[in-house]
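Given next are the chains, with one letter for each unit.
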Amino acid sequence: QNQAQFEPLLNCTMSMIKNFGPRNLSSTCHKLVKIGKVCRWNVRNDIWTTLEFEIIRSSEGFDPMGTANVAWALATAMRSSPTVWNKLGAAALHNIHEYNSQDIANTVWAYA
């Protein structure tokens, strides 16, 4: 399958990403990686750089599922920015009171 087919969607997504908010941002990260895996293509580095900037900016607003989705997406995409991972981890600890046992398991699994 041709990655060029996704370019208009990726470009539109990147033009709107600053308005997404935490829930849509986490969904976007998760879905991009899933689409990439199914279609066997890698998300462009400039897209990840933009997503990582927005993750840092929005991290405290992620709910437990959003945190796990973003962590899974970053790990699966082999993104290793210490700033992003530290901010995401700090936000998870800040919001730990919202986590149930399944949320904790999902987040730990995503980090693994």
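Presented here is an overview of the structure given in this document. Note that the structure is predicted; figures quoted are calculated from it, not measured. (Residues numbered from 1 in each chain as written. Predicted model: local features only at pLDDT ≥ 70, side-chain atom pairs only at ≥ 80, totals over all residues. Heavy atoms only, no water.)

**Some details on the overall build of the protein**
No. 1: Tallying secondary structure elements over the protein gives six helices and zero strands in all.
No. 2: Going from N to C terminus, the protein has its helices and strands arranged as α-α-α-α-α-α.
No. 3: The C-alpha radius of gyration computed for the protein amounts to 14 Å, which stays within 12% of the reference 13 Å derived for 112 residues, consistent with globular compactness.
No. 4: In terms of overall dimensions, the protein has C-alpha extents of about 45 × 25 × 20 Å along its principal axes.
No. 5: The 112 residues of the protein split such that 42% are buried. (Helix = DSSP H or I, 4+ residues; strand = E, 2+ residues; numbered from the N terminus. Rg over C-alpha atoms; globule rule 2.2 N^0.38 Å. Buried < 20%, exposed > 50% of the residue type's maximum accessible area, 1.4 Å probe, protein only.)

**What to know about a nonpolar patch on the surface**
No. 1: On the surface, a cluster of nonpolar side chains totalling about 250 Å² of accessible area is made up of Ile96, Ile104 and Val108.
No. 2: Here Ile104 is to be found in helix α6 (residues 101-111). (Patch = residues over 30% accessible without salt bridge, like charges linked within 9 Å, V, L, I, M, F, W, Y side chains within 5 Å. Areas by Shrake-Rupley, 256 points an atom, 1.4 Å probe, with all protein chains shown as cover. Salt bridge = Lys/Arg side-chain N within 4 Å of Asp/Glu carboxyl O.)

**Notes on the side chain of Ser59**
No. 1: Here Ser59 shows up in the loop between α3 (45-58) and α4 (64-76).
No. 2: Leave out the neighbours within four places in its chain, and Ser59 touches Lys87 and Ala91. (Contact = heavy atoms within 4.5 Å.)

**Some details on the pattern of salt bridges**
No. 1: Inspection of the entire model under this criterion finds five salt bridges.
No. 2: As a salt-bridge pair, Asp63 and Arg23 come within 3.1 Å of each other at their nearest N and O atoms. One end of the pair, Asp63, is in the loop between α3 and α4; the other, Arg23, is in helix α2 (residues 21-39), with 40 residues separating them in the sequence.
No. 3: Where Arg57 meets Glu54, a salt bridge forms, and the shortest distance between an N and an O atom there is 2.6 Å. A residue pair is termed a helical-turn pair when its members lie 3 or 4 positions apart in one helix, as Arg57 and Glu54 do in helix α3 at three residues.

**Some words on the layout of surface pockets**
No. 1: Of the pockets and cavities examined, the largest pocket occupies roughly 220 Å³.
No. 2: As for the largest pocket, its lining consists of Leu32, Val33, Gly36, Lys37, Trp41, Asn42, Val43, Trp48, Thr76, Ala77, Met78 and Arg79.
No. 3: Among the elements that take part in the lining of the largest pocket, α2 stands out by supplying four residues, more than any other. (1 Å grid on protein atoms, 1.4 Å probe; cavity = no way out; pocket = protein on both sides within 12 Å on 5 of 7 lines; lining within 4 Å. Points joined across faces, edges and corners; volume = space filled by probe spheres on them.)

**A closer look at the side chain of Thr67**
No. 1: If you trace the backbone, Thr67 turns up in helix α4.
No. 2: With near-sequence residues (within four places) excluded, Thr67 lies in contact with Phe62, Leu88, Ala92, Tyr99 and Thr107.

**A closer look at unusual backbone geometry**
No. 1: Positive phi, close to 60°, is recorded for Arg40, a residue that is not glycine.
No. 2: Along the polypeptide, Arg40 turns up in the loop between α2 and α3.
No. 3: The exposure class of Arg40 is exposed, given its relative accessible area of 76%.
No. 4: In the Ramachandran plot, Met78 falls in the positive-phi region, its phi being about 55° despite a non-glycine side chain.
No. 5: The topology assignment puts Met78 in the loop between α4 and α5 (82-94).
No. 6: What makes Met78 exposed here is its relative accessible area of 73%.

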